[in-house]
Every structure is written in C-alpha cells, then in structure tokens.
Amino acid sequence: MSAITTAKLPRWPWLGAFLAEESRAWLFVAKSLLAMYAAAWLAMWLKLEQPSTTMITVAVVMHPHSGMVLAKSFYRALGTLAGSLFGLALIALFPQQRELFFLVLSAWLALCAGGATLYRNFMAYGFVLAGYTAAIVTLPAVGNPLNSFDSAVMRVSEVLLGIGVAAVCSDLVLPQRLRVVLRQSARTQFARFIDFVRESTGGALPRARMEQAHLEFVRAVVHLEDLRASVIFEDPEVRSRSARMRLLNQRYMAAATSFQSLHHLINRLQRRGRDAVAEALVNAYRPIGEALSPPSPAQHEPAVLTRRLRACVDILPAHVAALRERFDEPAAQLEFDTGAALVQRFADELADFTAVEASLRGGNLRGSVERVHFRRGNDLAGAAVATMRTFLTMLVLAAFWLASGWAFGGSAMLLATIFAGLLAASPNPIAAATRTLYGYAGGMAAGFVAVFVLLPGSDGFAMLICATAGLLLIGPYLATRDTLPGVGAGYTLGFVYILALKNPMVYDPTHFLNDAIAQVAGLGLSGVAFMVMPGVTGTHWQRLRQLRLLREQVTLAASAPLPGLAWRFESVSRDLLQQVVAHTRPDSDESRHLLAWSLAVQESGRAVIELRQDLSGNVLPAAARDTALAALDAVAAFYRTPDAARWRTADAVVLEAIHAAPRGAAVRRHLYQLRSALRDEESPLAAYMPAPEPADAA
C-alpha cells in the first residue's frame, strides 16, 4: 500500500498575498514614524529653529528599501549644500535690490528645474533641492539680509540631521536590502537571455517576436543600471563590484545587438529566396545553442556556460570554413561571410558576457576591468520648456509679492518652487499636481485638528507623539498604495509643514490659516503653470523629437571619436527607446513603429562602428577607403533626415563601396550588412525604398 502526500492549497490564496503586502506597508509606516519623531526630538534637543524642516526631510527621503534612502539622502545633501551656498551668494550680491534679487533667484530656480529633467533617479531630485533650498535660505531673510548666514546654517543643519536619522533608521531597523532585488533581477535577466538564445538556434525569428524581445532587453538594461546606481550607496560589496556590473550590462547590450543583427540577416536571406545560405548560417549558429545546453542543473550557471562557449569559439572557425566550401558564387560567399562573422562575433560577446557574470557570482574581483559608463539620452528642448515655465512662474509670484506686500508670499513662492521642480519631469504634471494638492489639503486639515484640538491639552514630547501619530501615519500608508500616486506624499508634507514644530511652539490660529492659504495657493499655481505652458514629457511632439534623436545615433556612430563610442551608442540608443515607449500604449501602431526604428538603428549603428574600427586598423587602397567613407556619410545623412532620395543615394554609394573593397576584407562584410539592413522590407526603411528587387551585392 502506497501513501500519496498531497500539498494542501490555502483556502484563500489572496489572503496570504494581502497580508504580506500589508505587513510591508505597515513596516514602512512604523519606520517612517520612528525616523520622523526621532529627528524632531533631536532637532529640539539641539535647539534648531525649525524641527519641522528635519521632519519634512525624513518624510521626503524615506523609502521601503534602504538603498533608495541612502541614494536619495546623498543627492539631497549635495543639493542642499549647493542651494545654501548660492542663496548666501545671492543675498550678498543683492542685499537691497529686491527686483534683481528675485530675477536672479527665479533664473536659478528655473535652471535647477530644467536640470532635473536631464537626469534620472535621485540625481534629478538633487537639482530640485539645489533650487528650493536657495529659496528656503533667502526668502525668510529678504527683509533682514543680516540673518541670511544664520538661516543657511540652520537650514543645512536641519536637513542634514533629517538625512542622517532617516539613513540610520532605514539601515538598522529591519532593513529591506535593495541588493537582494538587484541580485534577483540580474539573475533573471541572465537566465531569460540565455534561454531565448538557446531556443532561437532553429533559425528565423518573426520580426514581431524580435521586437518584443528587444523591448524586454532594453527594459532590463535600464532597470539594472537604475538599481546599480542606488545599491552602491547601500552595500560596500556592490560598490566594489560597480565597474564589473557596468561592464556586464555593456557586454549584455553588445551581445543582444549582434544576436539581433544575425537573425535579421537570416530572415532577410530567407525572404529573398537565399535558402541555402540561410540554412548554412543556421548550421553555423547551432553550436552556440549546443554550448548553452549543458545538463539541466547547470543551464544557467555562468562558469559552466563560459567554458562551453570558449570551446565553441575555438571550433567555430573550422566549422564555418567547412560550411563555406559549398558556395562558389561570389554573392553567396559574401552573404555567408557576413553572417558567419556575426556568428563568431556573437559567440565571443556571449562568452565575455557569461564570464563577467561568473566573476560577479564567484566573487573573483582580482585585476582591473574595462571602464565603461551608461550614458543617457536627453532632449534639451524639453529641459528648455521646463526652465522657461519655472522662470515665468517664479517671476509672476515675485512680482505679485512685491506689488501686494503679502506677508505670506514667501510661503506661496516656496511651495510653487518645490513642486514646479518636482513635477517638471512628470508625464502628466497637471494630474500629479491635482493629486498632490488633494493630499496636501487633507494633510493640512489633519494638521489643524492636531494643532488646535489635540495639542493644546498635551505636555511633553511623548504627548506630542500620542496627539499626532494617529493622523500622521495616514500619509506614509497612502504612499505605499500604487493606486494613489502623490496623495500620500502630499498628505505627509502638508501635515508636517503646517504642524510647524518650532523651538518653542507657537499657538497662532491666524498665522496658521494664512500660511495654509499661501501654501495651497503656491501648490495650485504650480499646477496652473503647467496648464499655461504644458509639459512636454510624454507628448507626441517629444516622442517625435526622441525618435529623431534615436535615428541620429547612427549619425554619431559615423562621426564621433571611436574611443568609448561602442558603449556610448549602445546605452544612449536604449535609454532613448525606453523613454519613448514608456509613454506609448503597448502593442499600438506607434509603439511597434518605434520598436522597428530602434532595431534598425541598433543594427546599422553597430555595423557603422565596426566598419570604422576596421577602416582605422587596416590598410586599404585609397579608392576603397574613400568610397567606404562616402558610404558612411551617405548612411549617416539618410538616418539624420530619412527620405527616398537619401535612401537611393545611400544604397548606391554602399553598393559602390562593396565593389571597391577587396574580396575577403572585413570592410566588405560590414558594408554588405549595411546594404542588407537598408533593404530590409520589414523595417521602417521600406517606406523609402522603390519597388522590391533582388539584392545585388557581388
């Protein structure tokens, strides 16, 4: 008699997921409250002027993952110091010239808001901080410039104290390490790419499948770079591996581009009836799949895969040479040579990729590695719009303040400054401002209850916590809800800002209400500014500009200095695509169009770089070199401004360069790949092509 043990499934599987999510949310709430109240107590004990500034700092930098807190704190500290120094210089230059003072302050705030749109992660937040810290330091001292230095020292002390307390609480109290997320993401990316390559050894991949895979590769690359940029603040071990992690991402991008180029070439040959050459290339490619297919437990072990891939690289030349012998037609030989070169390049790059992954997993960090960087793609026009919008908003507020003599104009201007910068890069700044305003108003209403109902009967810091904690925890909890973006942060800021903890506390209902009105007006005006001068992030106009910048990467590949060009091209082109597709509807015609252009750019740009590298290292006849350089210029001109005339010119010049290049030269293979990509009828370039005709490459 045999017994069969069956695992009992939970009766309510949703309940476990709900409880796990709620436990993470309440852990974050508890850590946030602990950090805010600890920071407030220390600020009072140190006799700082505004403990509320310290609490606001904690509220802003807190995050469920400790690495994010440390990264945000680092850039907040830099922004605070830069803004304070600028504020002191501004007060020193214009102590009594208010018009010039506000003009220069508005320009500084505008430049910081524009700079925030050009950076990612918390580097952008550092620019916002540099802007509104200058306002925090200078605006209260407008009427009394002699207090500006003391004000700057106090604000910097309060902010740095908040940063320190948030970092300590996040890192010591039940920390949630971001390095775990990084490690899991990196291993998942590695396994998915290896599996995809292994499964593709049968030959052709439909273009739609390649586009989706390309998008997955791009998102993985950008996501890992974003994580790495934050985890280095959390973990010294990750910091020591940072250069290798960047190199791993670069190896991944290079191998993905070669992989895509190879399959595009095979697909084009099959569509043009060149089945014999396509089948030979599939056979040449198959050993890579065999190298990636060790016994099941080791299929994702990078050390095992590296050894097998190195062995594959060693046998590929003989294997390719045997397959080439079946072709005696010059055109077929060139087609096969081009594909075989891509096969061997892909095998080398894949082995390099797995080797770097193996060194990271094994902890083998001896020796130096190639220094690479992940460059970002930016649209300066979008930054210019954000700069002009912030400048005009600040000028209007400053002019109104000067003309009206409004006693609380500084509060309104300060809130407008903060949110004009924070929302500048939002894809829907009006909706974001509205949600934040709702949360902010709710936080101020709760603050009114706390200040005028609960606190007057309280005595001591313990009673302060008891009177305010129940209302304050609403903000951090709402911040954990993805369905309410901005509301939780707005509530927390509104509550803490209007609570206005001071040394000593002041009971003044009139001041409270006036300050609340000014803050709501400032936040509302920042939203109105986006209505008058809408943001460009995510708009159709910006997507068109980013698509043009994406195409221009081929132009840069043809003209920029070669040192570092390969990793710059790979990272910028992918970052631009990620920016564009983030604001397009998935599977829409526009999204597919952008993906198709990205694939064309990746293949052509990489071929251009490889061609330039061969031209720099090989001695060619003058005529062959001149025509190859002319081909580079023609392809660059077409991608810069694509039209039918430039396509015909590029096609003709590349064909001429192929004929001029010596047979067997690597330059000839790169030129053929360029012409094959130009004649891809499934790519966006088909719109500029004449009626289909057989390729004549020989």
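Residues numbered from 1 in each chain as written. Predicted model: local features only at pLDDT ≥ 70, side-chain atom pairs only at ≥ 80, totals over all residues. Heavy atoms only, no water.

S.K.: Is there a simple way to explain the overall build of the chain in this structure?
M.R.: A tally of helices and strands in the chain yields 26 helices and zero strands. Across the 698 residues that make up the chain, the buried fraction comes to 54%. When the accessible surface of the chain is totalled, it reaches about 29,700 Å², and 62% of it is carbon and sulfur. If the 64 positive side-chain charges of the chain are averaged to one point and the 55 negative ones to another, these points end up 3 Å apart. (Helix = DSSP H or I, 4+ residues; strand = E, 2+ residues; numbered from the N terminus. Buried < 20%, exposed > 50% of the residue type's maximum accessible area, 1.4 Å probe, protein only. Areas by Shrake-Rupley, 256 points an atom, 1.4 Å probe, with all protein chains shown as cover. Lys, Arg positive; Asp, Glu negative; His and termini not counted. Charge placed at Lys NZ, Arg CZ, Asp CG, Glu CD.)

S.K.: What's the story with the side chain of S261 in this structure? I'm lost.
M.R.: Structurally, S261 is set in helix 10 (residues 242-271). Taking the relative accessible area as the measure of exposure, S261 reaches 1% and is therefore buried. Residue contacts for S261: discarding those within four places in its chain leaves L342, E603 and Q673. (Contact = heavy atoms within 4.5 Å.)

S.K.: Would you mind going over the packing of helix 23 (residues 589-617) against helix 26 (residues 666-678) with me for this structure?
M.R.: A packed helix pair is summarised by two numbers, namely the angle formed by the two axes and the spacing between the axes. Contact pair helix 23 / helix 26: the axes reach a minimum separation of 9 Å and the direction vectors enclose 160°. Taken together, the axes of helix 23 and helix 26 lie roughly antiparallel to each other. Pair helix 23 / helix 26 crosses with left-handed handedness. Residues E603, S604, A607, V608, E610, L611, D614 and L615 of helix 23 form the contact with helix 26, whose own contacting residues are A666, V667, H670, L671, Q673, L674 and A677. A breakdown of the residues in the contact of helix 23 with helix 26 according to their chemical character gives nine nonpolar, three polar and three charged. (Axes fitted to C-alpha atoms, helices over the stretch in contact; angles between N-to-C directions. Parallel < 35°, antiparallel > 145°, perpendicular 65-115°, else oblique. Left-handed = near helix turned anticlockwise from the far one by under 90°. Nonpolar A, V, L, I, M, F, W, Y, C, P; charged D, E, K, R; others polar.)

S.K.: Would you mind showing me how to read the nonpolar core here?
M.R.: One broad trend across soluble globular proteins is that nonpolar side chains are buried collectively. The biggest cluster of nonpolar side chains holds 118 residues, and the ones touching the most others in it are F193, I288, F336, F346, L350, V635 and Y639. In terms of residues, this core owes the most to one element, helix 13 (residues 330-362), which gives 13 residues. With sequence-adjacent residues up to four places away left out, Y639 is seen in contact with R551, V554, W597, A600, V601, S604 and L685. (Core = buried A, V, L, I, M, F, W, Y, C linked by side-chain atoms within 4.5 Å.)

S.K.: What is the right way to read the side chain of T492 from this model?
M.R.: The residue T492 is located in helix 19 (residues 487-499) in this model. T492 gets classed as buried once you look at its relative accessible area, which sits at 7%. Beyond its immediate stretch of four places on either side in the chain, T492 contacts M36, A59, L472, G475 and P476.

S.K.: Help me out: how do you make sense of the confidence of the model for the chain in this one?
M.R.: Scored by pLDDT, the chain comes out at a mean of 82, with 91% of its residues at no less than 70. Mean pLDDT values for the elements of the chain range from 72 in helix 9 (residues 236-240) up to 92 in helix 25 (residues 644-660). When the criterion is pLDDT under 50, residues 1-7 qualifies, and its contacts beyond four places in sequence or with other chains add up to zero contacts. (pLDDT = per-residue confidence, 0-100.)

S.K.: I would appreciate a short explanation of a nonpolar patch on the surface in the present structure.
M.R.: A surface patch of nonpolar side chains, about 400 Å² in accessible area, is lined by F448, V449, V453, L454 and L513. Looking at where V449 falls in the secondary structure, it is placed in helix 16 (residues 429-454). Residue classification places V449 among the partly exposed positions, given a relative accessible area of 35%. (Patch = residues over 30% accessible without salt bridge, like charges linked within 9 Å, V, L, I, M, F, W, Y side chains within 5 Å. Salt bridge = Lys/Arg side-chain N within 4 Å of Asp/Glu carboxyl O.)

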